[in-house]
Every structure is written in structure tokens, then in C-alpha cells.
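The primary structure of each chain is shown beneath.
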Number of protein chains: 2
Amino acid sequence: MTELLQEQQTESELLQKAKQAKQAAATLAKLTTKQKNNALRLISAQLLEEQAYILEENSKDVEQGRQNGMSDSLVDRLQLDQSRLKDMADALVQLTKLADPVGEVLEKWERPNGLTMSKIRVPLGVVGMIYEARPNVTVDASSLCLKTGNSVVLRGSSTAIHSNKAIVAVIHRALQKSEVPVESVQLLEDTSREAASHMFKLNQYLDVLIPRGGAKLIQTVVQNSTVPVLETGAGNCHIYIDETADVKMAIEIALNAKTQRPSVCNSCESILVHKTWADKHLAELLSALQDKQVEIHGDESIQQLSPTVIPAENADWGTEYLGLEVAMKTVTGVEEAIQHINTYGTKHSEAIISSNSANVDQFFMEIDAAAVYHNASTRFTDGFEFGFGAEIGISTQKLHARGPMGLPALTSTKYIIRGSGQIK
Amino acid sequence: MTELLQEQQTESELLQKAKQAKQAAATLAKLTTKQKNNALRLISAQLLEEQAYILEENSKDVEQGRQNGMSDSLVDRLQLDQSRLKDMADALVQLTKLADPVGEVLEKWERPNGLTMSKIRVPLGVVGMIYEARPNVTVDASSLCLKTGNSVVLRGSSTAIHSNKAIVAVIHRALQKSEVPVESVQLLEDTSREAASHMFKLNQYLDVLIPRGGAKLIQTVVQNSTVPVLETGAGNCHIYIDETADVKMAIEIALNAKTQRPSVCNSCESILVHKTWADKHLAELLSALQDKQVEIHGDESIQQLSPTVIPAENADWGTEYLGLEVAMKTVTGVEEAIQHINTYGTKHSEAIISSNSANVDQFFMEIDAAAVYHNASTRFTDGFEFGFGAEIGISTQKLHARGPMGLPALTSTKYIIRGSGQIK
């Protein structure tokens, strides 16, 4: 097949499915909460009913992945089993219990000329989802979009294509029994780079793109899309231990933020310690971290305390290790800590451990991040921990939504104005 | 000078000013409302004090524009006089009276684990403004950004460079007397395309880009920026006259929306008329429009009524005339009207004139636009008419802000979490 022909076919699958999604979105936007929840329950039941089929298709992806030398951790993300499917089915039922943001009246007021105005929440329209190997994102994205009245165009990884096709077929069979149009969930079977590149520019049909995956995927989407992007970015999160920090609390929080689940974006990557606190308690903190097999990249003052500390290079301050490694540095006070965090951080989650309320206030005011903590672990930056009941991702951008995104992040607004003949 | 050298210099002015703006933003974010309002009052006074200087510099741009064959309407936008400067100075004082969104607590709640969470408004950081000839945008953008605690990097047109340099010099002299850093308002003196192109990609220093100007400028920014854009787009606005529309009201609203100020984005570009209403009242509507010198592009049923109606082509349904022209079409009902508007509209402002509440509800529900009106002119889509007291522009995108944007559109949010040692 010539390259041109291939490109035309690529475009035609995407264009056709994006158009169908857009048409379906108009119907979907009019459905009641009850109708949407009913569809979610039907999908939940269908997933369980057809679990043998889904697992069989998933095993093809897993086998192929192993043959192609996929790492164990990636195979683990790819692989489904009965318990994971059960979790996915349960999450769908949980989602029916959350408030539907669509139709919510956010503001209502009257103007002196008698116009009454209201601002109501409406669906975004069509969401484009670009993600990596995990097939649970297929269910997750489809259901969150459905609940908020949005169609979705899914572009998963080629390594999960059997799983994704099976899951979307099952979703479609469930939707056939519901009032939600089957066309509101679209999966691109063409997982080529070209298809993704066309998605980046499809402003006519896609209202937003959401990348889910590694930093490289997200940056590719951000740097190439003209469709607006909801950026769910990297987390180079810091714990700053102030002069007056409670010793036990500081060590517990640092350990938790670093080691409880080091592979996630809200885990801690750098620990900054006030010099005075360090003089008394740094040895204790270091040995607590080393007991948990954490490799420490430290500045000179940290190196002096332990022969196993690796000298920190400049690059360490900006590194998201996502593993049992941490960068450590002593600072002269909250000013220097803020300066360091605002220079090297990724505006995700930052914490101060302190008993000095003026320092806490300054940290809250001056740190530029989505979530700023006092005396708590950064690991709480999460839609469920925030009480949102669902999470689309954690936004590290400043427009539209910042921090954990619940259902309202998948909505826009519309002004409704009622008059009686007003002219200007 | 070689191209490479030129490019380096281009980048260096932009980079240097963007860095200064970012540094200033950190100081600006900490200022009180009183300190910011004081600076706005100082700028207002300085503009009046130095009006002779500003008008002299402005006259250089006007003269150069005339020499280069600039159209009268563009010269009119470019030219300043005492009265326009007085308006700008007054607007600055008005702005001090508006509520400061920064620091506003939007939500506050407690989690079962004892974490208390609040969501507060914070400045965006650094706003990049790319705009065309009108020098009043220089004052406007600077003051709205200052009020919301944002630095601004201004990139105006080369045709207004003397005016813009004079205005920014005056702003700087005012800021020197205030607590607002002078570096928070930056003007790029290099008005080349290259400088603008570098702005599009300056994600490290710019938090948002706002293009203000014609459709071409806006599309260039949208299609080339990796920095998030607040899109203030075109308005192909419709008036739909339903079967039960009050005749006098419908004609008054159509005339107002079309002719009161045809060059603006919220003016009407297409009128859709229900067949039954048309049978009785279309002739009256046509002659009212023609009395106001409106040129009509009509479908066959419209053409039959007047020999001066120009046959509408398909392109007319999507045209933003921005002048005394209108596209007209009869439709069989609200369904067809909605279908037509959602196909050809630009999601800006759409109105239904009707006495049938079911049709009005359907129109409100199904029209995909920032502002949807019943029995009122689309000309009200405007931050001042909405009661916001200020306007950054009218957003036609769905993320972050939709419709007229007041001060809160120039802010982001931050979660503040207070704990007592919580770990996960």
C-alpha cells in the first residue's frame, strides 16, 4: 500500500468515527441522569457477563507483549483478571451514585434592563483520549465521559488493541440496550502515529484531548495539538522540613510520601531540610529512609552524614525518579525552600512540615503548585482522597482545571439569557 | 545581519522580558488589593499627566499609517485623542472598584481523615498578549492583568509601536511610584513574526496567550501555540424567528442585532424565519432591513419576496459579514433552525424569538453556543452588559472560560490542605 493511500485510510477511520461521535454527542447531551446511570449499570453487568471473552482477548495482548520482550511491570499494567474486571464493574456502579454535573445552575442573576441570566454546566462535546497500555483506561474514560454527557474517541496503544476492541465491543452491546447512542464510544483500531497526529489537529470534531501516560506521551500531545489539551503532567514533589517540624511527624510523612507507592506522580522526589533541624535529626531521617532501601542523592551537608549518600548533581533537583531514590538538600529557611521548589518543581504537590504558622502561610502563599500541604503527605493529591468520587487525572496546567479533576472538569458552561424584547 | 544573528537577538529580547515578567509575577502575586488599586490609580493619573507626549507619539504612528495607505477604519482604531485617553484613565479608576478575585476561597471542606481542604483563586502568572493596531489594548491588558496579579508580555502591532512604547513608558513611570514591580508590564519592541513565533512556544515563561484581533490572527495563534490559548473567536450569530414570534419584537431585535453595530462579533449574520411567520410577516421584516441599507442574501423563498435579494450561496451560511449584509433562510421549525445553527454557527451567541416555551426550552438545551438568548438581541454578549464590570474578551472555546470573560478568567486555582500528620 502506498504511504498516501495509508494516510487516507488512517484519516478516514478517524474522521468517520469522530463525526459519529460528534453526532452522538448531541443526543447524549439531552439525556437525563437516570438514562445515563442506567447505561452505566448495563455496561457494568455486560463486563461481568462477558468476562471470559475479555480475558481471552486480553491474553492475546499479554502473550504478544511477552514475545516482544515487554517488561514485567508493563505486562502487569496490561494484564486483566477476574478481580480487576470486578473492580472495573464496581467502579461503574459507584459512578452512578455521583452527582451529575450537567445542567447544574452555577450562577443566576438579573440585569437592570430585565434580562435574567444563568450560567449552567454543559458537556464539553467530544473528548479525545490518547493513552498507553492499561486497558482499564478504556472503561474508565468511556464511563466518565458518558456520565458527563460527552462522546469519546479512544486511541489506546497497539499493545492493548485486542483488549480494547473486546472491551469496546462489550460496551457497545450494553449501550444497545440503553438510550445512550452506541456511537458515543469510539475506538480507533488504527493505532499508528499518523492516526494520533491527525487527532492532534482535529479541532472541528474534538473539543479536548486528554493524554494519559508517561511524560513523553503527554509532551508529544501538548507540543503538537491545536485541539485544547487537558495536561496531566509529571510530579516532582517536595517535602520541606522546617526548623520547627515535629521530628516523628516529619520522618513519617517523608517516608510515606517517598516509599508508600514510589511509582506515582504524587510521591515525593526531593526532601529539603532546614539546617538547624538537620543538625539534630538528619541522621535519624537518613537511616529511616535507608532502612526502606531508599537511595539518597544528597548535597555536601547530607553526604557528610553517611558514606552511602550519592553526591547530588544539578540534574537530580529536577528528576522524577518514580522509584526508591530521593534528592536531599539542606536549606537556610522557608525562603530558600520556596525558591528551590518554584525553580525545580512541576507545580504538582508540595508540603511543608512545620510548627511555625508564619512560615506555613508564606509557603501556602508563595508556592506555585496545584496542591500545597501543611503537615500531611503529598500522596493525598488524588480525586478520591479529595472526595470527588472519580478522577479524570491530575492537572498540572493552570487553565480550566488544576489538581485532581473530578467530573466537573469534563464540562463546559453556557449562558442562558431570558428577555422580553430587550435591544441595545 | 545574518538571519541566525537576528533570530538570536529576537529571542533575547523576548526571553529577557519574559524572565523579568515571571520574576515580577512572584512579587505581584503577594500584593494586597489596596496596593494593586493604588498602582491602577497612579497609572490613570500618569496617562492624563503625560497625554501630550502620548498623543505626539501616537501621531507618528497615524502619519506613518496614512503614508502606508492604511484604511480609514484602521486609522480610526489607531488614533488617540484627549477624549479617548480620558476614557482609558476613567476605566482604570473603575477597575479599582471591582472585586479582586485573587485569594477568594471558592470551596472549603473537611475529609474524614481530618484534612481540611480549600480551593482558592490565584493569579495565572504571566499572560502573553498578542494584538493588532488598537493602542487602547495596551492599557486595557496591562491593567486587567495587574488587577488580577498577573505580569503581562505585550506584543502589539508594528503599526502602533510608537504609541505602545509611549504608553508603556508612562505605565512604568507610574509603577515606579507604586509597590507593583515595573517589570510586571513588558512590551516587545521587536514586532517581527519571528518574535511572535517564539512566544507561541515559550511554555516555560508564559502561562497563557491571549490573541486579540481579527480571525486570521487568532487562528495563527491557535494553530501554532503550545502555550495554552484563551481563544476569543469570530461570531456568526443567528436570530431565529419562530412561528409564534411577536412581530414587532422580532423585527426590532433582528434590526438591532444586525444594524446597531455591524462590525462586532456579537452582531447578527444570519436570520432564520419560520415558514408560517414568513408567509405573513417576512415582507415587513425585509423592508425594515432594506430601509437600513442591509443587503440580503436569501434562499429561494426569500428571493421571491423582493427582486433585490441576492441568491444565497452555501458559503453565505458560514460568513461573518461584519457589515450591512445578512444571510436569510426560511425553516420548517425549531428543529431545522437548531440543526442549521449548530452546523454553521461559531458557538458565540444565538437567539430565538418565540412565544412557545417548549421551543424555547429545546433551543436553550440543544444550541451549542456560549450565550443563548430568548426574546433579546445577541448584542448583549459583552462583559459589561453581563455586569462583570470588565472584559478580557469573549471566549468561543469550551475550556477554562466560555462567553464574556471577566476578571476571574485571568485566574487559576490552588488547593491548600492543612493536616496534623496525615499519611496514606
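Note that the coordinates shown come from a computational prediction; the quantities given were computed from them, not determined experimentally.

Rules of the game
- Per chain, the residues get numbers from 1 upward, laid out in the order the sequence is written.
- Chains carry letters from A onward and ligands carry numbers from 1 onward, assigned in written order.
- Where totals are concerned, whole chains, interfaces and linings use all residues; where local detail is concerned, this predicted model gives features only for residues with pLDDT of at least 70, and gives and counts side-chain atom pairs only at 80 or more.
- With hydrogens and water set aside, each side-chain value is computed from the structure's full complement of heavy atoms.
- Note on conventions: DSSP H or I runs of at least 4 residues are helices, E runs of at least 2 residues are strands, and numbering of each starts at the N terminus.
- The size measure is the radius of gyration over C-alpha atoms, and the globule rule it meets is 2.2 Å times the number of residues to the 0.38 power.
- Burial here depends on accessible area, computed with a 1.4 Å probe over protein chains only, as a share of the maximum for the residue type. Under 20% is buried, over 50% is exposed, and the range in between is partly exposed.
- Contact criterion: two residues are considered in contact whenever any of their non-hydrogen atoms come within 4.5 Å of each other.
- Accessible surface is estimated by sampling points in the Shrake-Rupley manner with a 1.4 Å probe; for residues, cover comes only from the protein chains shown.
- When charges are counted, neither His nor the chain ends are considered; positive counts come from Lys and Arg and negative counts from Asp and Glu.
- A charge is said to be at NZ when it belongs to Lys, at CZ for Arg, at CG for Asp and at CD for Glu.
- Orientation is described by lines fitted to C-alpha atoms, with helices fitted over the stretch in contact, and by angles between N-to-C directions that extend from 0 to 180 degrees.
- Angle categories: roughly parallel below 35 degrees, roughly antiparallel above 145, roughly perpendicular from 65 to 115, and oblique for all the rest.
- In this scheme the handedness of a crossing depends on how the near helix is turned from the far one: anticlockwise by less than a right angle means left-handed, clockwise means right-handed.
- Strand pairing is assigned whenever DSSP detects at least two bridges linking the two strands.
- Definition used in this section: a nonpolar core is a set of buried Ala, Val, Leu, Ile, Met, Phe, Trp, Tyr and Cys residues joined via side-chain atoms within 4.5 Å.

Attention now moves to the overall build of chain A. Within chain A, the secondary structure is distributed over 14 helices and 16 strands. By the compact-globule yardstick of 22 Å for 424 residues, chain A fits well, its C-alpha radius of gyration being 24 Å. Seen along its three principal axes, the alpha-carbon backbone of chain A occupies a region of about 70 × 65 × 40 Å. Burial statistics for chain A: of 424 residues in total, 57% are counted as buried. Long-range contacts, defined here as pairs at least 24 residues apart, represent 71% of the contacts in chain A between residues at least 6 apart. On chain A, roughly 17200 Å² of surface is accessible, and the fraction owed to carbon and sulfur atoms is 47%. Distance between charge centres in chain A, computed from 41 positive and 52 negative side chains, equals 9 Å.

On to the packing of helix α2 (residues 33–49) of chain A against helix α7 (residues 161–176) of chain A, then. Residue and element names in this part refer to chain A. At their nearest, the axes of α2 and α7 sit 8 Å apart, and the two run at 130 degrees to each other. On the basis of the axis angle, α2 is oblique to α7. Here α2 runs over α7; the crossing is right-handed. Counting all contacts with α2, which are made through Ala-39, Leu-42, Ile-43, Gln-46 and Leu-47, the residues of α7 involved are Val-170, Ile-171, Arg-173, Ala-174 and Leu-175.

Another aspect to go through is the pairing of strand β16 (residues 411–422) of chain A. Among the 12 residues that make up β16(A), 10 are buried, leaving the element largely enclosed by the rest of the structure. In this structure, strand β2 (residues 116–123) of chain A lies alongside β16(A), joined through 8 bridges in antiparallel fashion. Paired with A:Met117 across the bridge in β16(A) is A:Ile417. The sheet contact formed by β16(A) and strand β13 (residues 371–376) of chain B spans 5 bridges and is parallel. Along β13(B), the bridge assignment pairs A:Ile416 with B:Val372.

Next up on the list: the nonpolar core. Within the largest apolar cluster, 45 residues are counted, with the highest numbers of intra-cluster contacts made by B:Ile43, B:Leu47, B:Met129, B:Leu154, B:Leu175, B:Ile210 and B:Leu410. Going through the elements one at a time, α2 (33–49), α5 (82–96), β3 (126–131), α6 (136–147), β4 (151–155), α7 (161–175), β5 (185–187) and β6 (208–212) of chain B are the ones with two or more residues in this core. Those residues in contact with B:Leu47, other than ones at most four positions away along the chain, are B:Ile54, B:Met88, B:Ala89, B:Leu92, B:Val139 and B:Val170. Judged by nonpolar contacts, the second largest core, of 44 residues, contains A:Leu124, A:Leu144, A:Ile167 and A:Ile392.

Moving on, we get to the sheet that holds β6(B). Residues and elements named next belong to chain B. One open sheet accounts for 4 strands, arranged β5-β4-β3-β6; its pairing is parallel. In the strand order of this sheet, the two ends are held by β5 and β6, each with one partner. Taken pair by pair, the neighbouring strands of this sheet meet at an average axis angle of 20 degrees, ignoring direction. Here β3 pairs with β6 via 5 bridges, running parallel. Counted as the bridge partner of Val-127 is Val-208 from β6.

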